[in-house]
Structures are given as C-alpha cells and as structure tokens.
Amino acid sequence: MPVGAFYRKGVTKVYFALTIAANATPTVAEMAAATNLSTGGMLADMAGFSFKNTPIATPDMNNTFTSSIPGDDTSDDSSLTFYEPLTGTDTFITVLAKGATGKIVIFYRGIAGAAPAATEKCEVWPVVSAGPARQYGSDAVGAKWMCTLTPSAAPSTAAAVIA
C-alpha cells in the first residue's frame, strides 16, 4: 500500500453551500454559512462527482494511427444517500429540496478542525437538486433517502478555502 493512503469514511467531509462567489476559492465565511452534510452520522453514501472529458478522434489520411484531441467536458449526475431519522425534522431533506441550487463542497482529505479553515483543499460542484427520494425495501438496513444532484456548471476540482 502506498505511504499516506487513507480510507475516505470518517475523513472526507461534504457541505452544501447556497452561495460561493468564486468556485476556486470559497471563503471561510461562505463555508461557515454552508450546511455540513457529514454531521450526525446521517450521510450514508455518495456516488458520482466525477469529471471527465470525451476525446474527439482526429484521423489522418497519411497515417494508420488515429490520434485524438480533448473534447467536451462532462459530469454525470451524482447522488448523496442519507439515513432517515425516525422522529424529528430532517434538515437535509429541506436543504436539498427539489430545485434547490447551490454548491456541493467536498473536502476530499477532510478538514483539520471543527470547521473548514483557510488553505484547506476541496472540490466545488455547482448542482441543482432533483429532490429527495425515499428508498424502500425489506433488507435489514436503516431507512434511507437519496438525493440526485445534476451538474449546472463545471466543477472546480482544485479549489482551496481562503480567509
């Protein structure tokens, strides 16, 4: 195993921010106003949040090798899955209501303190919520709901928090 490898569970933190002025440089104040989706042990899983490019083939009639150039950048829909509380209010269902727009901020290597601080690395994903959808089944698992998030703009995959 490479030195410094880590397990994402318990380390990676996920926030939902209504506003971030510059995706490459969210501020400490913007992060303080964001909702920490990782808190309380309710975030069960996350999927997607991958950015990719679709290369374009560029054949050359003088060569049997077909080279390519970078093409369209794309990001598939992503999702967050949460445990549903038996009683009380589920704040995350309200925050991620259908049509909610904002930014999913992923601190992929975690944060040093209780809240994001200046210089901490993250990814910022502009999204629109497709709304919460409860999951039903007879498996022996906790009750869950999932929220699909559609990309509304290119993510900033090399962002850092500033003061």
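Here's what I pulled together on the structure shown here. (Residues numbered from 1 in each chain as written. Predicted model: local features only at pLDDT ≥ 70, side-chain atom pairs only at ≥ 80, totals over all residues. Heavy atoms only, no water.)

## A few points about the overall build of the chain
Within the chain, the secondary structure is distributed over two helices and 10 strands. Going from the N terminus to the C terminus, the chain shows its helices and strands as β-α-β-β-β-β-β-α-β-β-β-β. Projected onto its principal axes, the C-alpha coordinates of the chain cover approximately 70 × 45 × 40 Å. The proportion of buried residues among the 163 residues of the chain is 31%. Counting only contacts in the chain whose residues sit at least 6 apart along the sequence, the fraction spanning at least 24 positions is 70%. If you sum the accessible surface of the chain, you get close to 9,800 Å²; carbon and sulfur atoms cover 57% of it. Taking the average location of the 10 positive side-chain charges in the chain and that of its 12 negative ones, the two points are 7 Å from each other. (Helix = DSSP H or I, 4+ residues; strand = E, 2+ residues; numbered from the N terminus. Buried < 20%, exposed > 50% of the residue type's maximum accessible area, 1.4 Å probe, protein only. Contact = heavy atoms within 4.5 Å. Areas by Shrake-Rupley, 256 points an atom, 1.4 Å probe, with all protein chains shown as cover. Lys, Arg positive; Asp, Glu negative; His and termini not counted. Charge placed at Lys NZ, Arg CZ, Asp CG, Glu CD.)

## Regarding the pairing of strand 9 (residues 144-151)
In the sheet, strand 6 (residues 78-83) pairs with strand 9 via six bridges, with the strands oriented antiparallel. When the bridges of strand 9 are listed, Ser78 appears paired with Leu149. As judged from the seven bridges shared by strand 8 (residues 121-135) and strand 9, these two strands associate in the antiparallel manner. Within strand 9, the residue paired with Val127 across the bridge is Pro151. (Pairing = 2+ DSSP bridges.)

## Brief notes about the pattern of salt bridges
In the structure shown here, the tally under the stated rule is two salt bridges. The partner of Asp76 in a salt bridge is Lys52, with the nearest N and O atoms 2.6 Å apart. Here Lys52 lies in strand 4 (residues 51-58) and Asp76 lies in the loop between strand 5 (67-75) and strand 6, a separation of 24 residues in the sequence. Using a relative accessible area of 38% as the deciding quantity, one classes Lys52 as partly exposed. Glu84 serves as the salt-bridge partner of Arg134, at 2.7 Å between the closest nitrogen and oxygen. (Salt bridge = Lys/Arg side-chain N within 4 Å of Asp/Glu carboxyl O.)

## So, the side chain of Ser79
For Ser79, the position within the fold is in strand 6. If sequence neighbours within four positions are ignored, Ser79 has contacts with Asp45, Met46, Ala47, Phe49, Met146, Cys147 and Thr148.

## Notes on the nonpolar core
Side chains that are nonpolar tend, in soluble globular proteins, to be buried together. Counting 16 residues, the largest nonpolar core has Leu37, Leu80, Leu96, Ile104 and Leu149 as the members making the most contacts within it. Mapped onto this core, the elements with two or more residues apiece are strand 1 (13-17), strand 6, helix 2 (91-95), strand 7 (101-107), strand 8 and strand 9. Looking at which element gives the most residues to this core, the answer is strand 9, with three residues. Apart from residues no more than four positions distant in its own chain, Leu80 is found in contact with Val14, Leu37, Leu43, Asp45, Met46, Phe49, Ile104, Trp145, Met146, Cys147 and Leu149. Counting residues in each nonpolar core, the second largest holds 12 residues, with Ala34, Val105, Phe107 and Val161 among its members. (Core = buried A, V, L, I, M, F, W, Y, C linked by side-chain atoms within 4.5 Å.)

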